[in-house]
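# Fold and geometry: a report
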Amino acid sequence: MKKYLAAIAIIFLGFQSMAQNSESDSTRRALLKTLQQTKEDTNRVNAIIKYGDWWSKTNLDSALTCYLKAEKLGQKLKYVRGELKGLAAQSTIFVQKGKYNDAIEVTQRAMAIAEKKGSLRQKAVAAGNVGHAYVQSGKTMEAIPLLMKANTQLEQLHDSTSVCIFSANIAHVYADLKQYNICLSYVKKAYAFCKPNDTRQVATCLNNITQIYALLKNYKEAERYGTLALTKARESGALTPLCNALINMGTQVYLNTGRIPEAIALNDEALSIAKKLNYPDFQLGALEGLALGHFKLENYAKADFYLNEAISLVDSTEIEHEELGEIYQVKSQLDFIRKDYRSAYEALAKYSTINDTLTNLKHKGG
């Protein structure tokens, strides 16, 4: 699934750590002072983790050092929760650094500890974390049973919020496998477990359903859920689900049902929001939607402008190149129409190179 449409990823809570702390130095000094005044007990473990959470915004290596200390102290004090939190936080850092094998190793250690000493909730979170590490490393089939196990345990705990999150992530896995009917059952389960007053989460789940129906080419249902998603996203005031809803409706629904001016209007609004969020994936989604819309209207100059904007964006960021391949494909078609054959063949060659690279990576499990 394309990142800018994979709303499922947005509601994933990851490794249940990483507090949202201010990055100011005064906050760091206050956390350090608390840490220095805390005795070697369970409170100290938690203080070390909070200090690591602060560093996670600016220096991953410093954060990792803190989390390692928290794990070791938790182990020494036989404080299972602290030990597990330290390991979970380490895995978050490893994922951010792209060290997926290390993330798998520490989450597996945490799962072994949880199975032996932990509560049902700790077992569920630990299993889910291993599953997530597998997903990040491209080992999809290994992830599925662990995510399902976590989901079942969370249902036993009647934890509706976590069931919503884990169901959404199981859906994400099946979407990557292109098993969209199974995926649909899980995104609908996630929606069923949403808290009605959490309009942001409701909007996110509705976005997921919209996308899957669009992938199934059931545009009537996609439009029905997409309209609801837009309404809930605007109610929530949260820009991320709103941007996602605008792109879903504009590109996945309106472009595919011939409502081109409406598609352009929604993607134009999405692009403005994505720039405000400084979110390259959403910017790319909106730019692609605008390029396709103007291409269909035969506004070739505008289409070319947005295609070049998309290419420049990818070149200046670390966005994955799957979307770039599709953009070069459209650019080659546009250049052929304009009889700029040299540019068209260059774009087609780049599309072929990117497409072959992605195919090889998938065969290697990357």
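Reading the values: the criteria
- Once a new chain begins, its residue numbering starts again from 1 and follows that chain's sequence as written.
- Predicted model: local features are reported for residues with pLDDT of at least 70 only, side-chain atom pairs are reported and counted for 80 or more only, and whole-chain, interface and lining totals are derived from all residues.
- Each side-chain value is worked out from all heavy atoms of the structure, with water and hydrogens disregarded.
- Each nonpolar core is a collection of buried residues, namely Ala, Val, Leu, Ile, Met, Phe, Trp, Tyr and Cys, held together in the definition by side-chain atoms within 4.5 Å.
- Working definition: with a 1.4 Å probe on protein chains only, accessible area under 20% of the residue-type maximum means buried, over 50% means exposed, and in between means partly exposed.
- Contact between two residues is taken to exist if any of their heavy atoms lie within 4.5 Å; hydrogens are not considered.
- Two rings belonging to Phe, Tyr or Trp (six-membered ring only in the last case) form a pair when the distance between their centres is within 6.5 Å. Interplanar angles under 30 degrees mark stacking, angles over 60 mark edge-to-face geometry, and anything in between is tilted.
- A run of DSSP states H or I qualifies as a helix once it reaches four residues; a run of E qualifies as a strand once it reaches two. Both are numbered from the N-terminal end.
- By definition, being over a ring means that NZ of Lys or CZ of Arg is both within 6 Å of the ring centre and within 35 degrees of the ring normal.
- On a range of 0 to 100, pLDDT expresses the predictor's confidence in each residue.
- Each salt bridge in this description consists of a side-chain nitrogen of Lys or Arg and a carboxyl oxygen of Asp or Glu lying within 4 Å of one another.
- Helix axes are fitted only over the stretch in contact, all axes being lines through C-alpha atoms; the angle between N-to-C directions runs from 0 to 180 degrees.
- In these notes the angle categories are as follows: under 35 degrees is roughly parallel, over 145 is roughly antiparallel, 65 to 115 is roughly perpendicular, and the rest is oblique.
- Working rule for handedness: look at the near helix, and if it is turned counterclockwise from the far one by less than a right angle, call the crossing left-handed; if clockwise, right-handed.
- Classification convention: Asp, Glu, Lys, Arg as charged; Ala, Val, Leu, Ile, Met, Phe, Trp, Tyr, Cys, Pro as nonpolar; all other residues, Gly among them, as polar.
- Patches here are clusters of residues that have more than 30% relative accessible area and form no salt bridge, with a 9 Å joining cutoff for like charges and a 5 Å cutoff for nonpolar side chains (Val, Leu, Ile, Met, Phe, Trp, Tyr).
- Areas reported as accessible are Shrake-Rupley estimates using a 1.4 Å probe. Residue values count occlusion only from the protein chains shown.
- Here, a disulfide means two cysteine sulfur atoms that sit within 2.5 Å of each other.
- Helix span, as expected, comes to 1.5 Å for every residue beyond the first.
- Here a polar contact is taken to be a pair of N or O atoms separated by no more than 3.5 Å, where protein atoms must pair a possible hydrogen donor with a possible acceptor and residues adjacent in sequence count only if both atoms sit in side chains.

### Considerations on the nonpolar core
Burial of nonpolar side chains together is a common tendency in soluble globular proteins. Grouped together as the largest cluster of nonpolar side chains are 108 residues, with contacts concentrated most on Cys 183, Val 187, Ile 212, Cys 243 and Leu 246. Ignoring anything within four residues of it in the chain, the contact list for Leu 246 reads Leu 230, Arg 234, Leu 266, Glu 269, Ala 270 and Ile 273.

### Describing the packing of aromatic side chains
In this description, an aromatic ring pair is defined by two values, namely the gap between the centres and the angle between the planes. Tallied over the full model, the rule gives eight aromatic pairs. Look at Tyr 174 and Tyr 186: their rings are 6.1 Å apart centre to centre, the planes differ by 10 degrees, and that puts the pair in the stacked class. Of the two residues, Tyr 174 sits in helix α9 (residues 160-176) while Tyr 186 sits in helix α10 (residues 180-192), which places them twelve residues apart along the sequence. Exposure class is identical for Tyr 174 and Tyr 186. Each is buried. Ring geometry for Phe 295 and Tyr 300: centres 5.9 Å apart, planes at 55 degrees, overall tilted. Here a set of aromatic residues connected by ring pairs shows up, and it is made of Tyr 51, Trp 54 and Trp 55. The ring of Tyr 225 carries the charged tip of Arg 224 above its face, separated from the ring centre by 4.6 Å.

### Observations regarding the confidence of the model for the protein chain
For the protein chain, mean pLDDT is 83; residues scoring 70 or higher make up 88% of the total. For residues 1-23, every residue scores under 50 in pLDDT, and the model assigns this stretch 82 contacts once sequence neighbours within four places are set aside. In this model residues 358-366 is a low-confidence stretch, pLDDT under 50, and it forms five contacts with partners more than four residues away in sequence or in other chains.

### A closer look at the pattern of salt bridges
A side chain of one charge can pair with a side chain of the opposite charge if their charged atoms are brought near each other. One pass over the structure, following the stated rule, counts 13 salt bridges. Across the pair Lys 232 and Glu 235 runs a salt bridge, and its minimum N-O distance is 3.7 Å. With Lys 232 and Glu 235 both in helix α12 (residues 219-236), this residue pair falls three residues apart, about one helical turn. With a shortest N-O distance of 4.0 Å, Arg 259 and Glu 262 are connected by a salt bridge. Members of the salt-bridge network, linked through shared partners, are Glu 71, Lys 72, Glu 105 and Arg 109.

### Observations concerning unusual backbone geometry
Of note in the backbone geometry, His 158 takes a positive phi value of approximately 55 degrees without being a glycine. Mapped onto the elements, His 158 comes out in the loop between α8 (140-156) and α9. Backbone geometry places Lys 178, a non-glycine residue, at a positive phi of 60 degrees. The residue Lys 178 is located in the loop between α9 and α10 in this model. Here Lys 178 falls in the exposed class, since its relative accessible area comes to 58%.

### A few points about the packing of helix α11 (residues 199-215) against helix α13 (residues 239-254)
Where α11 meets α13, the closest approach of the two axes is 9 Å, and the angle between their N-to-C directions is 20 degrees. On the basis of the axis angle, α11 is roughly parallel to α13. The interaxial crossing formed by α11 with α13 has left-handed handedness. Contacts between α11 and α13 involve Arg 200, Ala 203, Thr 204, Asn 207, Thr 210, Gln 211 and Ala 214 on the former and, on the latter, Thr 240, Pro 241, Asn 244, Ala 245, Asn 248, Gln 252 and Val 253. Residues of the contact of α11 with α13, tallied by class, amount to five nonpolar, eight polar and one charged.

### Topic: the environment of Leu 230
In this fold, Leu 230 is placed in helix α12. In the structure, Leu 230 is positioned 24 residues away from Leu 206 in sequence and 8.8 Å away in space, judged by C-alpha atoms. Dropping the residues within four chain positions of it, Leu 230 is found in contact with Leu 242, Ala 245, Leu 246 and Met 249.

### What about the environment of Ile 113?
Position of Ile 113 relative to the elements: it lies in helix α6 (residues 100-117). C-alpha of Ile 113 to C-alpha of Val 80: the two residues are 33 residues apart in sequence and 7.9 Å apart in space. Look past the residues within four positions of Ile 113 in its chain and what remains in contact with it is Val 80, Glu 83, Leu 84, Leu 87 and Gly 118.

### A short note on a nonpolar patch on the surface
On the surface, Tyr 341, Tyr 345 and Leu 348 cluster together into a nonpolar patch covering about 310 Å² of accessible area. Here Tyr 345 shows up in helix α18 (residues 341-363).

### Description of the state of the cysteines
Two cysteines form a disulfide when their sulfur atoms are joined by a covalent bond. Within the structure shown, the criterion is met by zero disulfides. Note on Cys 164: no disulfide assigned, nearest cysteine sulfur contributed by Cys 194 at a separation of 3.6 Å. By relative accessible area, Cys 164 is classed as buried at 0%.

### With respect to helix α3 (residues 42-55)
Here α3 spans 20 Å end to end across 14 residues, near enough to the 20 Å set by a 1.5 Å rise per residue. Buried positions along α3 lie against α2 (25-37), α4 (60-76) and α5 (80-96). Capping the start of α3, Asp 41 holds a side-chain oxygen 3.1 Å from the backbone nitrogen of Asn 43, two or three residues further along.

### A few points about the packing of α5 against α6
In the contact formed by α5 and α6, the axes pass within 8 Å of each other and the chain directions differ by 165 degrees. The orientation of α5 relative to α6 falls into the category roughly antiparallel. Of the two elements, α5 crosses α6, and the hand of that crossing is left-handed. Across the interface between the two elements, Val 80, Glu 83, Leu 84, Leu 87, Gln 90, Ser 91, Phe 94 and Val 95 from α5 touch Tyr 100, Asp 102, Ala 103, Val 106, Thr 107, Arg 109, Ala 110, Ile 113, Ala 114 and Lys 117 from α6.

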